[in-house]
Amino acid sequence: MEVDFANGLSLIKIGECNGEVMIDVKNSSPSTPNATENGFHNNEKREEEEECNQPSIPYRESWLLRLFECKLFDMSMAITYLFKSKEPGVLSYIGNRMFSFDSHDVDFYLPQIVNLYINWSDVAEALQTYLMARCRESPQFSLQLVWLLTSFCNDNRKKSLAVKLKHMILSEELKLKLPPMHNRVNIKKSHHRSYSDATGCLQVLPGTSAANLLNPSKTLGDLSSGHAFDNGCVCFKGYSGICNDLRGEKITCHCGAPRLTVEYEFIKHLISIGTRLQTVPSKDVKSQRLMAELSMLNLNLPARVWLPIHSFKHMIVRVPPGAAVLLNSKDKAPYLVYMEAVEVFGDINSIPIPTKLSNTLRQTRSEENLLNFSHRSSSGNINLCPPVDDDADCWTPEDDEISSQYKCGKNVNRDRDTISQLSQDSSAGEAVFVAAGDIRRRLTESVNAPKTNFALDPEDPSAAVLKEPWEEKVLRIRESSPYGHLPEWRLIAAIVKCGDDLRQEMMAYQFLVLLQKIWEQEGVPLWVRPYKILVTSSDTGIIEPILNTVSVHQVKKNSKMSLLEYFLKEFGATISEAFLTAQRNFVQSCAAYSVVSYLLQVKDRHNGNILLDSEGHIIHIDFGFILSTSPKNLGFENSPFKLTLEFVEVMGGIGSDMFEYFKILILQGLIAARKHHERLLTLVEILQTNSQLPCFKTGPSTIKALRERFHMNLTEEQLQLLVNGMVDDSLHSLTTRLYDGFQYLTNGIL
């Protein structure tokens, strides 16, 4: 097989070795009659023809083959060739070459791979073998691929390879073929967990047979069963599994239980909670509903489920409902949830599920009553907020302990909540009935409130929760957890969002990670904090929360201080080492996000979208408006990046050494970025192909404008003048001040 390139080179397939395609390149430029001008080329061609007449040498080096086989050829170059080359031989070779790359490097470009797979059939054929092989090896990769295919693929294209691949993965067709096992588990002789041992609180609902509770096809996804995340695997319950567990030997699942469905259902339930919360009118009722939903979810844990945004392998054992909190959003209901997990080593399907534990028997009964108190509506949905006839059943020994702590030594917050305020405002002598569940909630919030200097704000309850140091939060939750004694116990967190397209956030995350690597490679001391994004559909997803941070809006609202005054309070005097370190961190991060904001044209930069961590770094979040989009498509924010007088005060003021250092860092960051601009452009350009994302609404001009912002035609001296001008324009931008004022008037953001 021979294919011709436009530059006169021909790609030749010269054989296969160990399943890999070997290729070579020859010069196929036509000879000209002018021997004096082309004599050298003709001689070279004759030499090549003589070599071609000889037996082919499998590993004969060529320029293209040298590139593909050299150590510098990485996944970023491979994705560029997949995008720009249309030669079947090149695509096939790169598809095989991807097996030699580290899986983490390939996974980073998975959104681009999926978009190429969907839109180009020749690329899809070249990648098919690799994707199927990875799906057989890794359930985590399989689900990531399914969610991205769901997000990018148009389901109307029934015959596309992408839709077929998605159905193959979800139907569990792509599994590792396990070797035959002599002592295979005898399912008929294996014992099942008893109901109480299986869930600690399982109760058979009317009309539900006992057989259905152990049949994954009947109970999978049914939260009221207590087995919503049980895939029916019995390999750990048979005689062989018990013996191997006692001997400490690895147990491999041979019963054919599904690997992916359980995790798929778990993430689907987390998303559905956020969707249902959007229909609840008030924040107080939303918070109660969130706690009830997570309590119902807890009935089905522990299980072989995990949070994909965290890189270490783990198994979730419990969700503390009281630790979850709604985030500040006007229209939607994103929520922050904390989960208790145990770190696992190896395949999660080869590890037994920890035994379900409860603090007390009475608490077990209280959880058990969730099944009594829940009832189904005519539509079949479970209502988690029915009327309770007997509030005594909601009370547990933990409540007595909380009450005693509350009376004996805890500082009581004098601010009254809504219920107590209504009770006191009632007429004297009139008996006021307060439900035991409300009392328990109020006492729990008072005793277990995060120890921070931020007051609990009913309009923004996340401020106090996020301000609490992570180490203190971990210690507090672990002490009250029945699983806290486990040596591999971990606390993890996630933000669940519904109604927002997070694919732009995912692209911004990739852009930040790549810039971070470039700056580290070039020795530029700029600091960014990318956060992981899991896209589950075109309007839902999960975000990694950034620990030990609080928004600039929350700082100003709760501390009633300017940013400089807050720094002085947190880090000490301006001459102290702690303050100088925090100031340097602030400058390095502010300069980094200024470069990012300029290149990606990030909009909606109010103080609620700018975080401040415990070390003085600022962190930009919410990249929903980038490139060619802006809130309401008004294009109101026209400054290169957000830079306010408050930011400059923290740096030491205009003309200070740190302010000049800030401008130098921006210059160095731009110089390093434009040195590797093709890698950054390819990252964005691939996702633009046949994309419906709002940031690409202007078409090819979006990429053209991005390319121009690297200013490849300017010298470093000219670029320095440009940076100085951008800093002045941003600092004195009228639109920045007007947009901050607009956010204050409409959303109360300071």
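Going by what an unreviewed UniProt entry lists, the chain is known as Phosphatidylinositol 4-kinase beta and is assigned to Leptotrombidium deliense. Quoted verbatim from the Catalytic activity (unreviewed entry) heading of the UniProt record, the comment on the chain is "a 1,2-diacyl-sn-glycero-3-phospho-(1D-myo-inositol) + ATP = a 1,2-diacyl-sn-glycero-3-phospho-(1D-myo-inositol 4-phosphate) + ADP + H(+)".

### Here we look at the packing of helix α22 (residues 503-522) against helix α28 (residues 677-688)
Axis separation between α22 and α28 bottoms out at 10 Å; the angle between their running directions is 170°. With respect to each other, α22 and α28 are oriented roughly antiparallel. Seen from α22, the contacting residues are Met-507, Gln-510, Phe-511, Leu-514, Leu-515, Ile-518 and Gln-521; seen from α28, they are Arg-679, Leu-680, Leu-683, Val-684 and Leu-687. Residues of the contact of α22 with α28, tallied by class, amount to nine nonpolar, two polar and one charged.

### Here we look at the sheet that holds strand β13 (residues 610-613)
Pairing in this open sheet of three strands is antiparallel, and the strands run β12-β13-β14 from one edge to the other. Of all strands in the sheet, those bounded by a partner on one side alone are β12 (549-551) and β14 (618-620). On average, each strand axis in the sheet is tilted by 35° relative to the strand beside it, whichever way the strands run. Bridge count between β13 and β14: three bridges; the pairing is antiparallel. Each residue of the ladder has a partner; that of Leu-612, found in β14, is Ile-618. Against the sheet, helix α23 (residues 552-559) contacts β12 and β13, and its axis sits at roughly 80° relative to β12.

### What about the packing of aromatic side chains?
Remark: the centre distance and the inter-plane angle together describe each pair of aromatic rings, the angle taken between the planes. Applying the stated criterion to the full structure yields 16 aromatic pairs. Site record: aromatic cluster; members linked through ring pairs are Phe-68, Phe-73, Tyr-81, Tyr-93 and Phe-101. Stacked on the ring of Phe-152, the Lys or Arg Arg-503 has its end atom at 5.3 Å from the ring centre. Of note, Lys-517 hangs over the ring of Phe-108, and the distance from its end group to the ring centre comes to 5.2 Å.

### Side note on a nonpolar patch on the surface
Side chains of Phe-636, Leu-734 and Leu-738 sit close together on the surface and give an oily, nonpolar patch of about 280 Å² of accessible area. By the element assignment, Leu-734 lies in helix α31 (residues 734-747).

### Focus: the packing of α28 against helix α29 (residues 700-708)
Packed helices, taken two at a time, are described by the angle their axes make and the gap between the axes. Between α28 and α29, whose axes approach to 10 Å, the crossing angle comes to 165°. Taken as axis vectors, α28 and α29 run roughly antiparallel relative to one another. Every pair of crossing elements has a handedness; the one defined by α28 and α29 is right-handed. The segment α28 lies against α29, with His-677, Glu-678, Leu-681, Val-684, Glu-685 and Gln-688 engaging Pro-700, Thr-702, Ile-703, Leu-706 and Arg-707. Taken together, the residues that form the contact of α28 with α29 break down as five nonpolar, three polar and three charged.

### Regarding the pattern of salt bridges
Any two side chains of opposite charge can pair, on the condition that their charged atoms come close. Tallying each qualifying case throughout the model produces 19 salt bridges. Here Asp-501 makes a salt bridge to Arg-503, at a shortest N to O gap of 2.8 Å. The class of Asp-501 is partly exposed, set by a relative accessible area of 27%. Linked through salt bridges whose partners overlap, the residues forming this network are Lys-84, Glu-678 and Arg-707.

### Structural notes on the environment of Leu-131
Structurally, the position occupied by Leu-131 is in helix α7 (residues 121-137). Between the C-alpha atom of Leu-131 and that of Ile-113, which follows or precedes it by 18 residues, the distance is 9.7 Å.

### A few points about the nonpolar core
Ranked by internal contacts, the top residues of the largest apolar core, which has 183 residues, are Met-98, Leu-145, Phe-229, Leu-270, Trp-519, Leu-643 and Phe-662. Sequence-distant contacts of Trp-519, that is, excluding residues within four places in its chain, are made with Val-524, Leu-526, Val-528, Ala-592, Val-595, Val-596, Gly-669 and Ala-672.

### A look at helix α21 (residues 470-479)
All of the buried residues along α21 are Trp-470, Lys-473 and Ile-477. The arc that holds the buried residues of α21, viewed along the axis, is 60°, so those residues lie on one side. Facing away from the buried side of α21 by over 90 degrees, the exposed positions are Glu-471, Leu-475 and Glu-479.

### Quick notes on α22
Given a rise of 1.5 Å per residue, 20 residues ought to cover 28 Å, and the 29 Å separating the end C-alpha atoms of α22 matches this to within 8%. For α22, the buried fraction is high: 15 of the 20 residues fall into the buried class. In the segment just after α22, Gly-523 is the residue with positive phi, at about 75°.

### Comments concerning the side chain of Ser-85
Tracing the sequence through the fold places Ser-85 in the loop between α3 (75-84) and α4 (88-97). The class of Ser-85 is buried, set by a relative accessible area of 9%. For Ser-85, the side chain forms a polar contact with the main-chain nitrogen of Glu-87, separated by 3.4 Å. If near-sequence neighbours (up to four positions away) are discounted, Ser-85 is found in contact with Val-90 and Leu-91.

### Quick notes on the pairing of strand β11 (residues 540-543)
Burial along β11 is two-sided: Thr-540 and Ile-542 facing one way and Gly-541 and Ile-543 facing the other are all buried. Joining the antiparallel neighbours strand β10 (residues 533-535) and β11 is a turn of four residues.

### A closer look at unusual backbone geometry
Residue Leu-301 is joined to Pro-302 through a cis peptide bond whose omega torsion reads 5°. Phi is positive for Glu-172, close to 65°, though the residue is something other than glycine. On the secondary structure map, Glu-172 appears in the loop between α9 (161-170) and α10 (195-199). Residue Glu-172 is classed as buried on the basis of its relative accessible area of 14%.

Quick notes on the rules
Residues numbered from 1 in each chain as written. Predicted model: local features only at pLDDT ≥ 70, side-chain atom pairs only at ≥ 80, totals over all residues. Heavy atoms only, no water. UniProt positions renumbered as here; feature names shortened; annotations may be inferred. Axes fitted to C-alpha atoms, helices over the stretch in contact; angles between N-to-C directions. Helix = DSSP H or I, 4+ residues; strand = E, 2+ residues; numbered from the N terminus. Parallel < 35°, antiparallel > 145°, perpendicular 65-115°, else oblique. Contact = heavy atoms within 4.5 Å. Nonpolar A, V, L, I, M, F, W, Y, C, P; charged D, E, K, R; others polar. Pairing = 2+ DSSP bridges. Phe/Tyr/Trp six-rings, centres within 6.5 Å; stacked < 30°, edge-to-face > 60°. Lys NZ or Arg CZ within 6 Å of the ring centre and 35° of its normal. Patch = residues over 30% accessible without salt bridge, like charges linked within 9 Å, V, L, I, M, F, W, Y side chains within 5 Å. Areas by Shrake-Rupley, 256 points an atom, 1.4 Å probe, with all protein chains shown as cover. Salt bridge = Lys/Arg side-chain N within 4 Å of Asp/Glu carboxyl O. Left-handed = near helix turned anticlockwise from the far one by under 90°. Buried < 20%, exposed > 50% of the residue type's maximum accessible area, 1.4 Å probe, protein only. Core = buried A, V, L, I, M, F, W, Y, C linked by side-chain atoms within 4.5 Å. Arc of directions from axis to C-beta. Expected span 1.5 Å × (residues − 1). Polar contact = N/O pair within 3.5 Å; in protein donor to acceptor, adjacent residues only side chain to side chain.

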